[in-house]
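Examining the three-dimensional arrangement
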Amino acid sequence: MALLKNSAIFMMNYNEFNMSDLFKKTKVFAEGLDHPEGIAAHPDGSVWAGGEAGQVYRISPEAKVNIMADTGGFVLGLAFSPGSEWLALCDNGKKCVWKLDMRSMELEKYTEGIAGSGFMLPNYPVFDSTGNLYVSDSGNFNEVNGRIFKIHSNGDSEIWHNGPFSFTNGMALDQKQEWLYVVSSWLPGVERIRINADGSAGMKELFCTLPKTVPDGIAFDVDGNLYVTCYTPNVIYKVTPDRFTTAIVEDWESHTLSNPTNIAFGGKELDQLFTANLGRWHITKIDIGVKGLPLVSHHKR
């Protein structure tokens, strides 16, 4: 399998790829969901996902699916707050971010952006360790006007980075929370923004490009490798800290992976990789054999 340095050249031996051990460890985990886009792993072992009609699903470690709430919109990205006290839900149908309390299962509208500049397409939320919430606002299709909002833990909101980005999508913080990585789907690739000591947005730089793809979701492992799912083709990439890119899983048949969007490490040891599949009705689980970077939701407050 060929390696990709800064995505300057794109080559892959698909016959070799389809025989890979990792593909054999890629299975349908749970079925019966309504075209899931977002996914998040709870410390109790459950996996949470959203549906295109506003459903909020809880999937037990035994793969039992239950609907816990309904926004009436279209749920995209999800993220648990520090300590997993509540779940943030990006809703493109309602143009807002919802707050779902984990004890009461009550929904309340958390933010619609800022006065005079609401969300165009609220796509994906990420919490930092102090409870600030970053939200990617993708912008309009075929326009380069994506941006990133920040909702401070005290409730104040701002446009943290005005871009413009080429369709901001999935996001992830690095281990030291010094950089916010963001997928720009129509770039196509991943960019990152330095987080200054005062919390403001610093320099923006290109991290990697993925030619002839539509990247969607990202997640880090404990070694700093970044995993990228693509809405098309049905591929998961691994990008090392020095930016070597390798395709690690591909599904030609679009059955196990079908337009994989968001991605999350979960399981008892955080060594299972879960993906939502917007093109079908299931969640995929990969026994990937490496541990994911613990998120702020995995730490008790």
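Read on for a plain summary of the structure. Predicted, not measured: the structure shown is a model, and the values here were computed from it.

**Examining the sheet that holds strand β3 (residues 39-41)**
With antiparallel pairing, the four strands of this open sheet are ordered in space as β3-β4-β5-β6. A single partner strand is all that each edge strand has here, and the edge strands are β3 and β6 (65-70). Across the sheet, the mean angle separating the axes of adjacent strands is 25° when strand polarity is ignored. As paired strands, strand β4 (residues 47-50) and strand β5 (residues 55-59) are joined by four bridges and run antiparallel to one another. Note that in β5 the partner of Val47 across the bridge is Ile59.

**Quick look at the state of the cysteines**
The tally for this structure, following the rule as stated, stands at zero disulfides. Just so you know, Cys90 is unpaired, no disulfide at all, and the nearest cysteine sulfur is the one on Cys96, 8.8 Å from it. Among the cysteines around Cys230, which has no disulfide bond, Cys208 carries the closest sulfur, lying 9.5 Å off.

**A word on the side chain of Asn277**
One can find Asn277 in strand β26 (residues 272-277). Looking at Asn277, the relative accessible area reads 0%, which means it is buried. At 3.4 Å, the side chain of Asn277 and the backbone oxygen of Thr275 are in polar contact. Among the polar contacts listed, one links the side chain of Asn277 to the side chain of Thr284, at a separation of 3.0 Å. Apart from residues lying up to four places away in sequence, Asn277 is in contact with His35, Pro36, Thr256, Leu257, Ser258, Asn259, Pro260, His282, Ile283 and Thr284.

The rules behind the values
- Residues numbered from 1 in each chain as written.
- Predicted model: local features only at pLDDT ≥ 70, side-chain atom pairs only at ≥ 80, totals over all residues.
- Heavy atoms only, no water.
- Pairing = 2+ DSSP bridges.
- Helix = DSSP H or I, 4+ residues; strand = E, 2+ residues; numbered from the N terminus.
- Axes fitted to C-alpha atoms, helices over the stretch in contact; angles between N-to-C directions.
- Disulfide = S-S within 2.5 Å.
- Buried < 20%, exposed > 50% of the residue type's maximum accessible area, 1.4 Å probe, protein only.
- Polar contact = N/O pair within 3.5 Å; in protein donor to acceptor, adjacent residues only side chain to side chain.
- Contact = heavy atoms within 4.5 Å.

The analysis is restricted to geometry; functional conclusions fall outside its scope.
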